[in-house]
There are 2 protein chains.
Amino acid sequence: MRFISEQRFDNGCLEREFTLGDIPGILWTPSSSPSPLILLGHPGGMNTMYPRLASRARRCAQNGIAAATIELPGRGERPRSAGAERARADLRRALAAGEPVDEIVDRLVIPLVDRAVPEWRSALDALLSLPDVRGPVGYSGGLIALGIRLAVIEPRIAAAGLFAGSFVPRCMFHEARRITIPLHVLLQWDDEANDRQSALDLFDAFGSREKTLHANMGGHMGVPEFAGDDAARFFARHLT
Amino acid sequence: MRFISEQRFDNGCLEREFTLGDIPGILWTPSSSPSPLILLGHPGGMNTMYPRLASRARRCAQNGIAAATIELPGRGERPRSAGAERARADLRRALAAGEPVDEIVDRLVIPLVDRAVPEWRSALDALLSLPDVRGPVGYSGGLIALGIRLAVIEPRIAAAGLFAGSFVPRCMFHEARRITIPLHVLLQWDDEANDRQSALDLFDAFGSREKTLHANMGGHMGVPEFAGDDAARFFARHLT
């Protein structure tokens, strides 16, 4: 892990860009340390996502929690995969035409998760070896399939906040049943980019004894401010 | 409105029993006044429900909000109605036998709401004329059908927290569409006494632009402590 830039914000939060091999990433740490850590999931394209990631990270820092993320395979400035690019184009076309997308989602998301998970675990190794990051660790984010897999196989993940706003292959519902950590699931009730019934089925499938669903109005991008506060309180309860 | 007893709790909350004509009721006021007010809905039988009502009321008082409730028609020590008693017995029998209950719920809940609503509005008149209660007013509670009707026809109700744990006649789904005030809906995901799909359909039907569903595990009586905190924050946001 190599730090390549740093800047400090008004609230004392330190933002550092890093590389892990050829994978770019960002770490935000609060002024108090060592601190718990939240891995920020996203749909890929860290630069495009930066404003929203930084905003989520600053909220973590306000609660004394570090946050980190890395670029997904085949996204941002990382080498493209022909299969993933094809699947992404097929998905856009199928959604526009109102056609079924299950097979395309499988082709797109399953290889992405398979490739991303070892990278996120390596990033976790590196992050937890830093003097200012201690754990426990949470996963928060929109690439819900990545969160599911990490919650199942990575014992250092103690709690997850999942945004039910992205596609989950049906075969991963079986993995969802094996999750036992506390879950906080955010659902935008009229999410134009997401099937509500599928999100409710997934929430039902999660094996966790403590799981909470917060559904709100406002469309895919319209998560209300108070819903973000609720998610922050969930993590504060389980990580601090 | 005639006060018949009073006691003050450690946190300064004053509990007063009252009668409104022949209807018994309880008012809890915080030490700071005049204050907003939450009407506490319940399934009837105020004495049996007292521990849970008092606990909800004390939480209101901690947030500087008064709380009040009155006995439902035909419940507690109020005169019984033969039709309601028969419907209640039929409901118990049908639930035990796993038979459909829609017709019985109509027979039980519709007349109950029709009779209760004018009483709750009279109670509201009396409560808001007290020097220590100012408003705005919220409705919180388990008799969700009463909350729906009040939210539609009583303009003084500014926000409602509804517990999706009681039966709602299907014909009231049309009323639900006419609600415009902010709603906070609590659903126990594995509620043994409530049909989940019907609760989700009802949440979908609510016409409010701000409506939030919080679903949790733990069965009908197992609402987690943090879910109560969330509901309290909803009311604090809209009433204080």
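All residue numbers refer to positions counted from 1 along the written sequence of the respective chain. Working convention: letters from A go to chains and numbers from 1 go to ligands, in the order in which they are written. It should be noted that, the model being predicted, local features are given only for residues of pLDDT at least 70 and side-chain atom pairs only at 80 or more, the latter also being counted only at that level, while totals for whole chains, interfaces and linings use all residues. Think of the side-chain values as coming from all heavy atoms in the structure, minus any hydrogens and water.

An unreviewed UniProt entry lists chain A under the name Alpha/beta hydrolase family protein, with Mycolicibacterium chubuense as the source organism.

Participant: Kindly report on the packing of aromatic side chains, identifying the contributing residues and their values.
Facilitator: Residues and elements named next belong to chain B. Centres within 6.5 Å make a pair out of two Phe, Tyr or Trp rings, where for Trp the six-membered ring is used; the pair is then stacked when the planes are under 30 degrees apart, edge-to-face when over 60, and tilted otherwise. All told, the structure shown has 8 aromatic pairs over all chains when counted by the stated rule. Ring geometry for Phe 3 and Phe 18: centres 6.3 Å apart, planes at 85 degrees, overall edge-to-face. In this pair, Phe 3 is assigned in strand β1 (residues 2-8) and Phe 18 in strand β2 (residues 14-20), connecting sequence segments 15 residues apart. Note on Phe 3: relative accessible area 31%, which makes it partly exposed. Under the DSSP-based scheme used, a helix requires at least four consecutive residues in state H or I and a strand at least two consecutive residues in state E, with every element numbered from the N terminus. Only protein chains enter the area calculation, which uses a 1.4 Å probe; residues under 20% of their type maximum are buried, those over 50% are exposed, and those in between are partly exposed.

Participant: Account for the pattern of salt bridges, with residues named and values stated.
Facilitator: Every case where a carboxyl oxygen of Asp or Glu lies within 4 Å of a side-chain nitrogen of Lys or Arg is listed as a salt bridge. Evaluated as defined, the whole model comprises 35 salt bridges over all chains. We note a salt bridge from Asp 90 of chain B to Arg 107 of chain B, for which the minimum N-O separation is 3.0 Å. In this pair, Asp 90 of chain B sits in helix α2 (residues 82-97) while Arg 107 of chain B sits in helix α3 (residues 102-128), placing the two residues 17 residues apart along the sequence. Salt-bridge contacts for Glu 210 of chain B lead to Arg 237 of chain B; the nearest nitrogen and oxygen are separated by 3.1 Å. One end of the pair, Glu 210 of chain B, is in the loop between α6 (196-205) and β9 (211-216); the other, Arg 237 of chain B, is in helix α7 (residues 225-239), and 27 residues separate them in sequence. Judged by relative accessible area, Glu 210 of chain B falls into the partly exposed class, the value being 23%. Taking the relative accessible area as the measure of exposure, Arg 237 of chain B reaches 38% and is therefore partly exposed. Residues joined in a network through salt bridges with shared partners are Asp 90, Arg 93, Glu 103 and Arg 107 of chain A.

Participant: Help me get a handle on the interface of chain A and chain B, residues and values and all.
Facilitator: Taken together, the 20 residues of chain A in the interface contact 19 residues of chain B. Take the accessible area each of two parts loses on contact, using a 1.4 Å probe, and add the two losses: that sum is the buried area. Carbon and sulfur atoms supply 57% of the area buried between chain A and chain B, which totals about 1,700 Å² over both sides. Of all residues in chain A, Trp 189, Met 217 and Phe 226 of chain A bury the most surface against chain B, accounting for 29% of the area lost on that side. At the boundary of chain A and chain B, one finds 2 salt bridges. Residue Asp 204 of chain B is joined to Arg 196 of chain A by a salt bridge in which the shortest nitrogen-to-oxygen separation is 3.1 Å. Whenever a nitrogen or oxygen atom comes within 3.5 Å of another N or O atom, the pair is scored as a polar contact, on the condition that within protein one atom can donate a hydrogen and the other can accept it, and that pairs from neighbouring residues in sequence are kept only if both atoms are in side chains. Across the contact surface, chain A and chain B share 9 residue pairs in polar contact (both at pLDDT 80 or more). In what follows, residue pairs with any heavy atoms lying within 4.5 Å of each other are defined as contacts.

Participant: Can you break down the packing of helix α2 (residues 82-97) of chain A against helix α3 (residues 102-128) of chain A residue by residue, with the values?
Facilitator: A pair of packed helices is characterised by two quantities: the angle between their axes and the separation of those axes. All names here are of chain A. Viewed as axis vectors pointing N to C, α2 and α3 meet at an angle of 150 degrees, and their least axial separation amounts to 9 Å. In terms of orientation, α2 and α3 fall into the roughly antiparallel class. Handedness of the crossing formed by α2 with α3: left-handed. On α3, the residues that touch Ala 84, Arg 86, Ala 87, Arg 88, Asp 90, Leu 91 and Ala 94 of α2 are Ile 104, Val 105, Arg 107 and Leu 108. Gly is placed with the polar residues, together with every amino acid not listed as nonpolar (Ala, Val, Leu, Ile, Met, Phe, Trp, Tyr, Cys and Pro) or charged (Asp, Glu, Lys and Arg). Per-class residue counts for the contact of α2 with α3 are 7 nonpolar, no polar and 4 charged. All axes are obtained by fitting lines to C-alpha atoms, using only the stretch in contact for helices, and the reported angles, taken between N-to-C directions, cover 0 to 180 degrees. These descriptions rest on fixed angle ranges, namely under 35 degrees for roughly parallel, over 145 for roughly antiparallel, 65 to 115 for roughly perpendicular, and the rest for oblique. The hand of a helix crossing depends on one turn: near helix anticlockwise from the far one by less than a right angle means left-handed, and clockwise means right-handed.

Participant: Just give me the short version of the pairing of strand β7 (residues 157-163) of chain A, but keep the residues and values in it.
Facilitator: All names here are of chain A. Counting buried positions along β7 gives 6 out of 7 residues, so the element sits mostly inside the fold. Relative to β7, strand β6 (residues 133-141) is paired through 5 bridges, and the arrangement is parallel. Counterpart to Gly 141 in the pairing with β7 is Leu 162. Crossover connection from β6 via helix α4 (residues 144-153) to parallel β7: handedness right-handed. The pairing of β7 with strand β8 (residues 183-188) spans 4 bridges and is classified as parallel. Bridging across to β8, Gly 161 finds its partner in His 184. We treat two strands as partners when DSSP finds at least two bridges between them. Assignment of crossover handedness uses the view with strands pointing away from the viewer, where a clockwise path from the first strand over the helix to the second indicates a right-handed crossover.

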